[in-house]
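One letter stands for each residue in the lines below.
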Amino acid sequence: MGRKQRSPSGIVFRARVARQTPEKLEKLAASMGHLYGGKGKPGALLDMLASGDLVLVPKTATDVIKSVAQFLEETEQPTVKLDLLQGDGSQTIPAGSQQI
């Protein structure tokens, strides 16, 4: 486990990682909107992971997820479709569906 030090803003957590990992984590954090001083904030990713707000999926599992998603797309009928693009504010609801 990494070493911990107290800081005015929280705990500083240190861990040994590959040389390119900090930069990759900064980019990932920035892409998710977690910024500090114009850079990505990897600590925010760790906080989200620890709280359960960020879930990691093993890379091998993504193939299974894609296969299931493709199967569902091919086999399930589309649900109620609303056409909200009409300029007069009306909606088109397919026959046989119920409007609430």
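Keep in mind it's a predicted model, so treat the numbers as computed, not measured. Every chain begins its residue count from 1, and numbering advances along the sequence as written. Thresholds applied to this predicted model are a pLDDT of at least 70 for local features of residues and 80 or more for the giving and counting of side-chain atom pairs; totals over whole chains, interfaces and linings are not thresholded and use all residues. As a rule here, side-chain values cover all heavy atoms of the structure and leave hydrogens and water aside.

Only DSSP runs of H or I with at least four residues qualify as helices, and only runs of E with at least two residues qualify as strands; both kinds are numbered from the N terminus onward. Secondary structure summary: the protein contains three helices and four strands in total. Starting at the N terminus and walking to the C terminus, you meet the elements of the protein as β-β-α-β-β-α-α. Residue burial in the protein is summarised as follows: out of 100 residues, 6% are buried. Whether two residues touch is decided by their heavy atoms; if any such pair falls within 4.5 Å, the residues are in contact. Intrachain contacts of the protein at a sequence separation of at least 6 include 2% that bridge at least 24 residues. Each accessible area value is a Shrake-Rupley result obtained with a 1.4 Å probe; residue values ignore everything except the protein chains displayed when judging cover. Per element, the accessible surface of the protein, about 9200 Å² overall, is 56% carbon and sulfur. Here's how the labels work: a residue is buried when its accessible area is under 20% of the maximum for its type, exposed when over 50%, partly exposed in between, all with a 1.4 Å probe on protein chains only.

It is worth spelling out the environment of A44 at this point. By the element assignment, A44 lies in helix α2 (residues 42-51). Among the residues examined, A44 registers a relative accessible area of 11% and is labelled buried. Along the chain, A44 and H34 lie ten residues apart, while their C-alpha atoms are 6.5 Å from each other.

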